[in-house]
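The residues making up each chain are set out below.
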Amino acid sequence: MISIAIIYHSEDEHTHALATTIAEGIHAGDAEPVVYRITSEMIENGRFIDDKLFEKLKEVDAIIFGAPTYMGGPSAQFKAFADASSPSWETQDWRGKYAAGFTVGTYPGGDQPQTLQYFQTLASQHDMLWLSLGRANIGVENINPSGTSLGVTAHTPDDAQLSEACLQTAFYLGQHMVRALKGVWHT
Ligand SMILES: Cc1cc2nc3c(=O)[nH]c(=O)nc-3n(C[C@H](O)[C@H](O)[C@H](O)COP(=O)(O)O)c2cc1C
């Protein structure tokens, strides 16, 4: 069975809600999500350490990265994970796997695409294949309201719940990744 890792950090549950919804989209496509939440407690002296995670990531077919946007980039907790992927980079363990990303910020123009650009750079360092959303709204209503092609962006004015459109975009990404891995593209 196709397995897709979702590796993310979330403090206040918004990124977590997107991760959960992406996992539902993966399930709906008849594939297995491997969901892993990075927490601050996993980081000691600035270093994220979990050798078992990196062993597991060798086996999955794709990795989807997620983090809140903090000061125009991914949160430090996510960055600690990314830095800890350096040994996997040395041996190019993730080469040829698909990658994608999602993020949340307070403001509609809160620099969320910068976070996605960082994820894309991380994926490129690992020689992964970036899965964009393209024009994800073709034939599908009420998704990707920001029109961001790099991945899923959401915003949470006044710390409110995520909009239905943001959640549907996350669900779409999960399904989209499964379709990409099966080589069956949405029209
Ligand atoms: C240190 C810090 C920096 C932040 N920087 C940004 C930012 O650059 N742009 C933005 O739109 N929101 C920013 N936010 C808001 C968070 O992205 C927002 O609260 C998000 O929902 C947090 O995700 P979470 O609920 O998964 O923890 C920042 C929040 C914190 C705590």
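Labelled according to an unreviewed UniProt entry, the protein appears under the name Flavodoxin-like domain-containing protein, originating from Salinivibrio costicola subsp. alcaliphilus.

A. Structural view of the overall build of the protein. Across its full length, the protein carries six helices and nine strands. In terms of overall size, the protein behaves like a compact globule, its C-alpha atoms giving a radius of gyration of 15 Å where 187 residues would be expected to give roughly 16 Å. Overall, the C-alpha framework of the protein stretches about 40 × 40 × 25 Å when taken along its three principal axes. By residue count, 49% of the 187 residues in the protein fall in the buried class. Excluding contacts between residues fewer than 6 apart, the proportion of contacts in the protein whose partners are at least 24 apart in sequence is 76%. Here the protein has roughly 9100 Å² of accessible surface; of this, 49% comes from carbon and sulfur atoms. The averaged location of the 22 negative side-chain charges in the protein is 8 Å from the averaged location of its 11 positive side-chain charges.

B. Quick look at the pattern of salt bridges. Applying the stated criterion across every chain, the model contains five salt bridges. Across the pair Arg-37 and Glu-13 runs a salt bridge whose closest N-O atoms are separated by 3.0 Å. Taken together, the residues span a long stretch of sequence, with Arg-37 in strand 2 (residues 32–38) and Glu-13 in the loop between strand 1 (3–9) and helix 1 (14–28) at a distance of 24 residues. Of the charged contacts, one joins Lys-79 and Asp-83 as a salt bridge, the two residues approaching to 2.6 Å between their closest N and O atoms. Taken together, the residues span about one helical turn, with Lys-79 and Asp-83 both in helix 3 (residues 76–84) at a distance of four residues. With a relative accessible area of 32%, Lys-79 lands in the partly exposed category.

C. Region of interest: helix 2 (residues 51–59). Every buried residue of helix 2 is listed here: Leu-53, Phe-54 and Leu-57. The arc that holds every buried residue of helix 2, seen down its axis, measures 95 degrees, which confines them to one face. What points out from helix 2, more than 90 degrees from its buried face, is the exposed set Asp-51, Lys-52 and Glu-59. Packing partners of the buried residues in helix 2 comprise strand 1, strand 2, strand 4 (47–48), strand 5 (62–70), helix 3 and helix 4 (86–90). Put simply, Asp-50 is the residue that caps the front of helix 2, since its side-chain oxygen is 3.2 Å from the backbone nitrogen of Lys-52.

D. Summary view of the site of the ligand. The ligand sits among 17 residues. The nearest are Ser-10, Asp-12, Thr-15, Thr-69 and Met-71. The backbone of Asp-12 places a nitrogen or oxygen atom 2.7 Å from an oxygen atom of the ligand. Between His-14 and the ligand, the recorded distance is 2.9 Å, taken from a side-chain N or O atom to an oxygen atom. For the ligand, whose accessible area on its own is 640 Å², the fraction buried by protein is 76%. In this structure, the ligand is accommodated by the largest pocket. At the level of secondary structure, the elements contributing two or more residues to the shell around the ligand comprise helix 1, strand 5 and strand 7 (98–105).

E. The arrangement of the packing of helix 3 against helix 5 (residues 112–125) in detail. Interhelical geometry of helix 3 versus helix 5 gives an angle of 10 degrees and a closest axis separation of 11 Å. It follows from the interaxial angle that helix 3 and helix 5 lie roughly parallel. Between helix 3 and helix 5, the residues in contact are Phe-78, Lys-79 and Ala-82 and Tyr-118, Phe-119 and Leu-122, respectively. Among the residues making up the contact of helix 3 with helix 5, the classes are represented as five nonpolar, no polar and one charged.

F. View of the pairing of strand 1. The element strand 1 is extensively covered by neighbouring structure, given that seven of its seven residues are classed as buried. In strand 1, alternate side chains face the same way, and those of Ser-3, Ala-5, Ile-7 and His-9 on one face and Ile-4, Ile-6 and Tyr-8 on the other are all buried. Summarising the sheet, strand 1 and strand 5 pair through five bridges and their orientation is parallel. Paired with Tyr-8 across the bridge in strand 5 is Gly-66.

Reading guide: rules and limits
Residues numbered from 1 in each chain as written. Predicted model: local features only at pLDDT ≥ 70, side-chain atom pairs only at ≥ 80, totals over all residues. Heavy atoms only, no water. Helix = DSSP H or I, 4+ residues; strand = E, 2+ residues; numbered from the N terminus. Rg over C-alpha atoms; globule rule 2.2 N^0.38 Å. Buried < 20%, exposed > 50% of the residue type's maximum accessible area, 1.4 Å probe, protein only. Contact = heavy atoms within 4.5 Å. Areas by Shrake-Rupley, 256 points an atom, 1.4 Å probe, with all protein chains shown as cover. Lys, Arg positive; Asp, Glu negative; His and termini not counted. Charge placed at Lys NZ, Arg CZ, Asp CG, Glu CD. Salt bridge = Lys/Arg side-chain N within 4 Å of Asp/Glu carboxyl O. Arc of directions from axis to C-beta. Polar contact = N/O pair within 3.5 Å; in protein donor to acceptor, adjacent residues only side chain to side chain. Near = heavy atom within 4 Å. 1 Å grid on protein atoms, 1.4 Å probe; cavity = no way out; pocket = protein on both sides within 12 Å on 5 of 7 lines; lining within 4 Å. Sits in = over half its atoms within 2 Å of the grid points. Axes fitted to C-alpha atoms, helices over the stretch in contact; angles between N-to-C directions. Parallel < 35°, antiparallel > 145°, perpendicular 65-115°, else oblique. Nonpolar A, V, L, I, M, F, W, Y, C, P; charged D, E, K, R; others polar. Pairing = 2+ DSSP bridges.

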